[in-house]
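Read off the chains here:
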Amino acid sequence: NMPDYWSTSKNELMYRLVGERNITKEEQKKILKSHSPINYINQITKPLLIAHGKNDPRVIYNGSEKIAHELHNRNTPIAYILYDDEGHGLLKPANRYLFAAFREKFLSIYLGGKLEEFDFNENDIKNLNDKIIYGKKLLGLNNK
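Since we're looking at a predicted model, the values are computed, not measured.

Criteria and cut-off values
Residues numbered from 1 in each chain as written. Predicted model: local features only at pLDDT ≥ 70, side-chain atom pairs only at ≥ 80, totals over all residues. Heavy atoms only, no water. Pairing = 2+ DSSP bridges. Helix = DSSP H or I, 4+ residues; strand = E, 2+ residues; numbered from the N terminus. Axes fitted to C-alpha atoms, helices over the stretch in contact; angles between N-to-C directions. Contact = heavy atoms within 4.5 Å. Expected span 1.5 Å × (residues − 1). Buried < 20%, exposed > 50% of the residue type's maximum accessible area, 1.4 Å probe, protein only. Arc of directions from axis to C-beta. Core = buried A, V, L, I, M, F, W, Y, C linked by side-chain atoms within 4.5 Å. Phe/Tyr/Trp six-rings, centres within 6.5 Å; stacked < 30°, edge-to-face > 60°. Patch = residues over 30% accessible without salt bridge, like charges linked within 9 Å, V, L, I, M, F, W, Y side chains within 5 Å. Areas by Shrake-Rupley, 256 points an atom, 1.4 Å probe, with all protein chains shown as cover. Salt bridge = Lys/Arg side-chain N within 4 Å of Asp/Glu carboxyl O.

Participant: An account of the sheet that holds strand E3 (residues 132–134) is needed here, citing residue identities and associated values.
Facilitator: The sheet built from three strands is open, its strands ordered E1-E2-E3 with mixed pairing. The sheet terminates laterally at strand E1 (48–53) and E3, the two strands that pair on one side only. Strand-to-strand, the axes of this sheet are offset by a mean angle of 20°, without reference to chain direction. Sheet topology note: the E1/strand E2 (residues 78–83) ladder contains six bridges and is parallel. Bridged to Ile50 within E2 is Tyr80. Against the sheet, helix H3 (residues 61–73) touches E1, E2 and E3, its axis set at about 155° to E2. On top of the sheet, helix H4 (residues 93–111) reaches E1, E2 and E3; it is set at about 175° to E2, its chief contact.

Participant: Please give an account of H3 that cites residues and values.
Facilitator: The end-to-end C-alpha distance of H3, which contains 13 residues, comes to 18 Å, matching closely the 18 Å that a straight helix rising 1.5 Å per residue would cover. Buried residues of H3: Ser64, Ile67, Ala68 and Leu71, and no others. Down the axis of H3, the sector holding all buried residues measures 95°, keeping them to one side. Tucked inside the fold, the buried residues of H3 contact E1, E2 and E3. Where H3 ends, the next residue or the one after it, Asn75, has phi of about 65°, a positive value.

Participant: A description of the nonpolar core should follow, citing residues and the corresponding values.
Facilitator: Ala79, Ile81, Tyr83, Leu90, Leu98, Phe99, Phe102, Phe106, Ile132, Leu138, Leu139 and Leu141 together form the largest nonpolar core, which totals twelve residues. Broken down by secondary-structure element, the contributors of at least two residues to this core are E2 and H4. In terms of residue count, H4 provides more of this core than any other element does, four residues in total. When near neighbours in sequence (up to four residues on either side) are disregarded, Phe99 contacts Leu49, Ala51, Ile81, Tyr83 and Leu90.

Participant: Pulling in residues and values, what's your account of the packing of aromatic side chains?
Facilitator: Evaluation of the coordinates by the stated rule reveals one aromatic pair. Seen from their ring centres, Phe106 and Tyr110 are 5.0 Å apart, and the 50° between their planes marks the pair as tilted. Of the two residues, Phe106 and Tyr110 both sit in helix H4, four residues apart, roughly one turn of that helix. Given the relative accessible area of 33%, Tyr110 is considered partly exposed.

Participant: Could you give an account of a nonpolar patch on the surface, naming the residues involved and the relevant values?
Facilitator: A grouping of Leu107, Ile109, Tyr110 and Leu111 is seen on the molecular surface, where their side chains present a nonpolar patch of about 380 Å² in accessible area. Along the polypeptide, Ile109 turns up in helix H4. On the basis of relative accessible area, Ile109 is assigned to the partly exposed category, the value being 40%.

Put into structure tokens, the structure is as follows:
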């Protein structure tokens, strides 16, 4: 789902992945599909934190949803946050700030280390309830 004007970057990406710059679109598709995490979902056994912008034109969020749903069904710890108001990357300061708190909480649980507790206000929670698809407890929101 890369725009045409990214063609130079796409060639560089293919070079980094497979050592070829000028390969056909069919060959590119085959290679990219073989590198997709969805093909390796059975190998994911460690806790995973996913944040995805619903309006991302390059990486469709359905792929993240499939992975999150499958891991949830297999009882693999998963925290999946879908930002309805973001695209490719988190650009809104409020989303970036809250995700930083979530990331710190998640990493402190699974990697250990210090954690600076974050106090969510009522507006934060109201706005987040429909964004956090899986993992509220993992993100410290189990009582909210």
